[in-house]
Structures are given as C-alpha cells and as structure tokens.
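# Close look at the chain arrangement
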Amino acid sequence: MRVFLIAVTSMIAVAVGAYYGLNLIQKPADVAFAVSGARLDAPGQPGG
Amino acid sequence: MFKAALIALLLAAAIPTAHAQAPSRQEAPASGFNPTATEVKEQDLLNALSKVEGRISIPDTRAATLIQPAGQTWRDYRRGPLLWITAAIVLGMMALLTLFYLIRGRIRIEGGRGTRTVLRFGAFERFMHWVTAASWCVLAVSGLNIVAGSRVLLPLIGQDAFSTVSGWLKYSHNFLAFPFTSGVVLMLLVWVRHNIPNRMDLEWFRQGGGLFGHRHPHSRKFNGGQKAVFWIVVLGGGALAATGFTLMFPFYITDVTGMQLAQIAHGGVSLLMIGAMLGHIYIGSVGMEGALDAMNSGQVDRKWAAAHHDLWLAEVDAKSTPSGHPAE
C-alpha cells in the first residue's frame, strides 16, 4: 500500500511538472489550429 | 444551386488543377468562373482531391488549404463507427470476463494459502507498475469520455457538470501522459530481459495458461500471458505516446491529415489496450487468489508461486542463502 501511495504521489508530481512544462511550450488551441492571419477569441473568453 | 455556384467560384479561383483532374467537365471561361457550373459536383471534387488549396503569398503555408475533404471522413468515423467499436470492445470484454467468472469462478490456490511467502516483486518494480497503472486508468477513462462522453455521460449529469468534468479529464489526459510514458520506459528497461518470448510460452498458450483446469504449465518469472501483456503495454504504450504527443503539439510534426491518422491510430490502439488491460486487471485481482499480493506487498504465497511460476521459484530457491531466506 505504501508503494502504491508513493507511486500515485509521484504520478501527480510528474503531471504537475508536465503542466508547467506544457504551459511553456504548448500553444493554446485557438492559436495552434488557426493560421497566422486569423484572429480568434480565446476559448471561453468571448471578445478576449 | 446557389451552393453549387458558390463552391464553383471558390474552387475555380483557388485550384486551377481541379479542372485538369476532371477532363470530362465543361471548360470554364477565361475568367475562371462558370456561372452555369452544371458540371461542378461538390462531392466529385472533394473525392478527387486530398486538399482543396489555393495560392498564397504569406509565409504561413497552412493558409493555402481551403478544404480538407478527408476531415469529413474522419469526423464521420469519430461520430459513428468509433462509438460502436468502443462499446463492442469495452462492454464485450466486460461481458466475457463476467461469463468466465461465472463458469470458472475464482482460481484458488490449491489446498489453500500456506504460511510461507516469497518476494516476487521488489519495491521499485511495484512502484513503476503502479505509476503506469494509475496513469493508464485515468488516461483510459478520460479518453473514453472524449470518444463517448457526450453520448453516455452528458445525458446523465447535464451540460454544466459534463463541461466541468470533461475539462478536468482533458487536462488529466494531457498531463498524465508523461508519468504513463515514464512508467512504460521504466518497465521496458527493468523487465525486458524476463519477457523475451520462447518455446515455453507456446506451450503455456497451448495449455490455456492453466485457466481451465488444475494443471499449470511451467513458467519462469513471467508466463506467456504476462509476456503478452508486457509487450502490449510496451508497444501499445509506445504507439500511444507517439501519436498522443503528435496530437498534443499540432502541426509541429505533421499536417492535419497526419494528425487525423494519428488520432485514429491513438483511438484504435487505446481500445485494444483497454480490452487487454481489463483482462489483466481481472486476472490480477478477483480472478485469481493470491495474484494481487505480488503487486501489493510484493510477497506471494509459495504455493501460488509453485503453481504459476514453478521454474522462477526454483531459481529463487537456488539463490537463497543456507538459512532459507531469499537472497533478494
């Protein structure tokens, strides 16, 4: 059980690290899937 | 009629090659626009071209693509066949396992549990197993929600709750891909030497793994079924990582057609893995007495080990110290 809890904690830690890592290099969907000439509102933020 | 004329205008302006690929069609005027457009059939053009593209002068070449007809096929596949394939694999596997349980019952340790145990998996082996397994469970559930959530979960919990749940599951799907991939790599490095297929595995499969009788085929640390699970996880997990990271970074690695193919492959491999892992989870928990101990405490009953991994137990005993304690 102890190993399982350590594994789950480690999994969450790596996932949190992935969150910060992806924030640095991953483009948001409204940018990634639009061409440079298009202007789209950010998802969930009309007019943003 | 208006729609056909509009498409004719669009295509005539954008794709001079379109007419070259349809020689039977009426020649368009020099202006490039045929107002009658009787010969222009939208579906014919979409079928004939992988992409409807124009000429542009801006640096972003993706802007040249006006229509990508394969996207319609991809969307239809996601909305139709993929849902049915998902239901068939998930529900079918659960039904099969339930039927197996009703017929065979729980596979017990012959003569009941003994008093002596042997270390089957060390702490690090169990750690990497649970990192991979826990990540995979969330990835599987969140992936199934992407495919079927709007049909299954949305009617049950309503739009607001579904939106919140799906948002969190989508984030989980992205972020837990990293511990899952790490776990698969660790398992490959640590366990590959025990999972090289050999003739003994064929005999194990020939005897049905001992699932249907009281005789158990010979086996070392991993039997034929466990080796199959190992390679499904390693190869399937590798394929999921490759296709998943392709989708996570749109247009970095491939174009939109490549991403559609990656999504189809990602979904297909995922479903195969879900089917296989349901079987693995069943036999490692309720299906077989004593099996879960191997990944829980790491200590398994010696009688269980003698029945299912006799050659491995003999190897461990041979390495044991004179006092009888395992060398591990």
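Predicted model only: the values in this text are computed from it and were never measured.

Before going further, it helps to examine the overall build of chain B. A tally of regular secondary structure across chain B gives 14 helices and four strands. Looking at chain B residue by residue over its 328 residues, the buried ones come to 40%. Of all intrachain contacts in chain B linking residues separated by at least 6 positions in sequence, the fraction that spans at least 24 positions is 72%. Surface accessibility of chain B: about 18200 Å² in total, with carbon and sulfur atoms responsible for 66%.

Our focus in this paragraph is the nonpolar core. The biggest cluster of nonpolar side chains holds 49 residues, and the ones touching the most others in it are V118, W136, W191, V233, W304 and A305 of chain B. The dominant element in this core, judged by the number of residues it contributes, is helix 6 (residues 123–152) of chain B, at eight residues.

This brings us to the packing of helix 10 (residues 224–248) of chain B against helix 11 (residues 256–283) of chain B. Residue and element names in this part refer to chain B. Two elements in contact, helix 10 and helix 11, have axes whose closest approach is 9 Å; the angle formed by their N-to-C orientations is 150°. In terms of orientation, helix 10 lies roughly antiparallel with respect to helix 11. Two packed elements cross with a definite hand, and for helix 10 against helix 11 that hand is left-handed. From helix 10, V229, I232, V233, G236, G237, A239, L240, T243, G244, T246 and L247 reach across to helix 11, where they touch M259, A262, Q263, A265, H266, V269, S270, M273, A276, M277 and H280. Looking at the contact of helix 10 with helix 11 residue by residue, the classes come out as 13 nonpolar, nine polar and no charged.

Let us look at the packing of helix 5 (residues 81–104) of chain B against helix 11 of chain B. Describing two packed helices takes the angle between their axes plus the distance from one axis to the other. Residue and element names in this part refer to chain B. Interaxial distance between helix 5 and helix 11 falls to 10 Å at its minimum, and their mutual angle equals 10°. In terms of axis orientation, helix 5 runs roughly parallel to helix 11. For the pair helix 5 and helix 11, the contacting residues are L82, I85, T86, I89, V90, M93, M94, L97, F100 and Y101 in the first and Q263, L271, I274, G275, L278, G279 and Y282 in the second. Each residue belonging to the contact of helix 5 with helix 11 can be placed in one class, and the counts come to 13 nonpolar, four polar and no charged.

Glancing now at the pattern of salt bridges. All names here are of chain B. Counted under the stated rule, the structure contains eight salt bridges over all chains. Two residues, D76 and R75, come together in a salt bridge whose shortest N-O distance is 3.9 Å. As a salt-bridge pair, R113 and D293 come within 2.9 Å of each other at their nearest N and O atoms. Here R113 is found in the loop between helix 5 and strand 3 (117–119), whereas its partner D293 is found in helix 12 (residues 293–296), with 180 residues between them in sequence. Bridged by salt links that share partners, the residues R113, E289 and D293 form one connected network.

If you look at the interface, chain B gives 22 residues, while chain A gives 21 residues. Interface area, chain B with chain A, both sides summed: about 1900 Å², of which 76% is carbon and sulfur. For the chain B face of the interface with chain A, the top three residues by lost area are F127, W130 and F175 of chain B, together amounting to 26%. Between the two partners, chain B and chain A, sit zero salt bridges.

Residue and element names in this part refer to chain B. Scored by pLDDT, chain B has a mean of 86; 85% of the residues are at 70 or more. Highest mean pLDDT in chain B belongs to helix 8 (residues 177–191) (97); lowest belongs to helix 2 (residues 17–20) (42). Here residues 9–26 scores under 50 on pLDDT; set against residues more than four positions off or in separate chains, the count is 27 contacts.

A few words on helix 10 of chain B. Residue pairs spaced three or four apart in an α-helix point in one direction, given the helix's 3.6 residues per turn. Spanning 25 residues, helix 10 of chain B covers 35 Å between terminal C-alpha atoms, matching the ideal 36 Å at 1.5 Å per step. Capping of helix 10 of chain B at its N-terminal end is provided by N223 of chain B; its side-chain oxygen lies 3.1 Å from the backbone amide nitrogen of G225 of chain B.

The rules we used
- Residues numbered from 1 in each chain as written.
- Chains lettered and ligands numbered in written order.
- Predicted model: local features only at pLDDT ≥ 70, side-chain atom pairs only at ≥ 80, totals over all residues.
- Heavy atoms only, no water.
- Helix = DSSP H or I, 4+ residues; strand = E, 2+ residues; numbered from the N terminus.
- Buried < 20%, exposed > 50% of the residue type's maximum accessible area, 1.4 Å probe, protein only.
- Contact = heavy atoms within 4.5 Å.
- Areas by Shrake-Rupley, 256 points an atom, 1.4 Å probe, with all protein chains shown as cover.
- Core = buried A, V, L, I, M, F, W, Y, C linked by side-chain atoms within 4.5 Å.
- Axes fitted to C-alpha atoms, helices over the stretch in contact; angles between N-to-C directions.
- Parallel < 35°, antiparallel > 145°, perpendicular 65-115°, else oblique.
- Left-handed = near helix turned anticlockwise from the far one by under 90°.
- Nonpolar A, V, L, I, M, F, W, Y, C, P; charged D, E, K, R; others polar.
- Salt bridge = Lys/Arg side-chain N within 4 Å of Asp/Glu carboxyl O.
- Buried area = accessible area lost by both parts, 1.4 Å probe.
- pLDDT = per-residue confidence, 0-100.
- Expected span 1.5 Å × (residues − 1).
- Polar contact = N/O pair within 3.5 Å; in protein donor to acceptor, adjacent residues only side chain to side chain.

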